[in-house]
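Geometric and topological summary
Listed below are the residues making up each chain.
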Amino acid sequence: DDSRILTLEVTRFGQDEALVIVRDVTRLHNLEQMRRDFVANVSHELRTPLTVIAGYLETLQASGMAPQKWERPLMQMSEQTVRMTSLVNDLLLLARLETSERDSGRDRVSVRELMERVAGEARSLSGGRHDIAVACEQDNIITGDAGELHSAFANLAFNAVKYSPDGGPIELRWKTDTDGGHFAVKDCGIGIDSLHIPRLTERFYRVDAGRSRESGGTGLGLAIVKHVLLRHSANLSVTSTPGRGSTFTLNFPPQKLTPGSSA
Ligand code: ADP
């Protein structure tokens, strides 16, 4: 197949003059495709060995046959296996999301139910250190992919827990206006310096790598959020004050929403 991919850039000068730049990006596009396939294949191939290792580790720990001095190393091995498994799963999910940036799914997802579910999961991650509140004045149905929407909502809520190490209130809020629907997660955590904000959705970008690793982060969460949003014609906005906390908001356009059941 020798079809070409071209980009067109038009700059207008006044009424009747324009500069048109045509670029052939076929090679770039093919390389990008190869990179995605490679990451997806490697991630997929790593899953089986990881499952086997995790399985034997669990058996060994449960058997009580391992010598006492192996208890700690075995525990660390399990923890790292869990970490690696979530990294591999995130890479695979990201590769899948990247292959198509358009429209996902026809699931009808109740925002209120999704928020309650995510709040429950965030509470169990928090282990009682945070006060996690849900404010959803009016339910809406989002048309899209239920699994993808869950991972976008959950990533923001889990980050709010992870990056508020001293505990404190976290609020999940849904509101609608003429621009559409907005899901905001507000925390009173460590906050983010404004110079980092434009880069947060890059793969593996972390403000503080040490802290992120400690909290079990893969550095892929917000990249996944960004791609889920692209596929739902939605976008992300972030406001933050270092030392005070952050608010991450998912903005959905009106055409993705229908009224949900009243409370
Ligand atoms: P990670 O797996 O490292 O949490 P993410 O892609 O989810 O990766 O987030 C990227 C980086 O953005 C994090 O490493 C962290 O530095 C920063 N970040 C994300 N959410 C928050 C938050 N609520 N408060 C402060 N920093 C945050």
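Quick look at the structure, then. None of the values given here were measured: they were computed from a predicted structure.

Further remarks concern the sheet that holds strand β3 (residues 107-110). What the 3 strands build is an open sheet, ordered β3-β5-β10; its pairing is antiparallel. Sheet topology places β3 and β10 (257-259) at the edges, where each strand pairs with a single neighbour. Averaged over all adjacent pairs, the angle separating strand axes in this sheet is 35°, with direction ignored. Examined bridge by bridge, β3 and strand β5 (residues 140-144) share 4 bridges and lie antiparallel to one another. In the sheet register, Arg108 faces β5, and the bridge partner there is Thr143. Running at roughly 65° to β3, helix α3 (residues 111-126) makes contact with β3 and β5 of the sheet. Strands β3 and β5 of the sheet are contacted by helix α4 (residues 146-162), whose axis makes an angle of about 115° with β5.

What follows covers the site of the ligand. By nearness alone, 20 residues border the ligand, and Tyr163, Ser212, Thr218, Gly219 and Leu222 come closest of all. A distance of 3.0 Å is found between an oxygen atom of the ligand and a side-chain nitrogen or oxygen belonging to Lys162. Within the backbone of Val207, a nitrogen or oxygen atom sits 3.2 Å from an oxygen atom of the ligand. When the ligand sits alone it has 540 Å² of accessible area, and the protein chains cover 98% of it. Cavity membership is defined here by more than half of the atoms lying within 2 Å of grid points; on that basis the ligand lies in the largest pocket. Of all the secondary structure elements, the ones that give two or more residues to the shell around the ligand are α4, α6 (221-230) and β9 (245-252). Taken together, the residues of the shell around the ligand sort by class into 9 nonpolar, 8 polar and 3 charged.

Right, let's get into the nonpolar core. In terms of nonpolar packing, the biggest core is built from 41 residues, with Phe153, Leu172, Trp174, Phe183, Leu250 and Phe252 touching the most fellow members. Elements with a minimum of two residues in this core: α2 (71-98), α3, β4 (130-136), α4, β6 (168-177), β7 (180-187), α6 and β9. Element by element, the count of residues in this core is highest for α4, at 8 residues. Once you skip the residues sitting within four places of it in the chain, Phe153 turns out to touch Val111, Leu114, Met115, Val118, Ile142, Phe183, Leu250 and Phe252.

Another point: a nonpolar patch on the surface. On the surface, a cluster of nonpolar side chains totalling about 490 Å² of accessible area is made up of Leu6, Leu8, Val10, Val20 and Val22. Listing elements by their share of the nonpolar patch, those giving two or more residues are β1 (6-13) and β2 (17-24).

What counts, and at which threshold
- Residues numbered from 1 in each chain as written.
- Predicted model: local features only at pLDDT ≥ 70, side-chain atom pairs only at ≥ 80, totals over all residues.
- Heavy atoms only, no water.
- Pairing = 2+ DSSP bridges.
- Helix = DSSP H or I, 4+ residues; strand = E, 2+ residues; numbered from the N terminus.
- Axes fitted to C-alpha atoms, helices over the stretch in contact; angles between N-to-C directions.
- Contact = heavy atoms within 4.5 Å.
- Near = heavy atom within 4 Å.
- Polar contact = N/O pair within 3.5 Å; in protein donor to acceptor, adjacent residues only side chain to side chain.
- Areas by Shrake-Rupley, 256 points an atom, 1.4 Å probe, with all protein chains shown as cover.
- 1 Å grid on protein atoms, 1.4 Å probe; cavity = no way out; pocket = protein on both sides within 12 Å on 5 of 7 lines; lining within 4 Å.
- Sits in = over half its atoms within 2 Å of the grid points.
- Nonpolar A, V, L, I, M, F, W, Y, C, P; charged D, E, K, R; others polar.
- Core = buried A, V, L, I, M, F, W, Y, C linked by side-chain atoms within 4.5 Å.
- Buried < 20%, exposed > 50% of the residue type's maximum accessible area, 1.4 Å probe, protein only.
- Patch = residues over 30% accessible without salt bridge, like charges linked within 9 Å, V, L, I, M, F, W, Y side chains within 5 Å.
- Salt bridge = Lys/Arg side-chain N within 4 Å of Asp/Glu carboxyl O.

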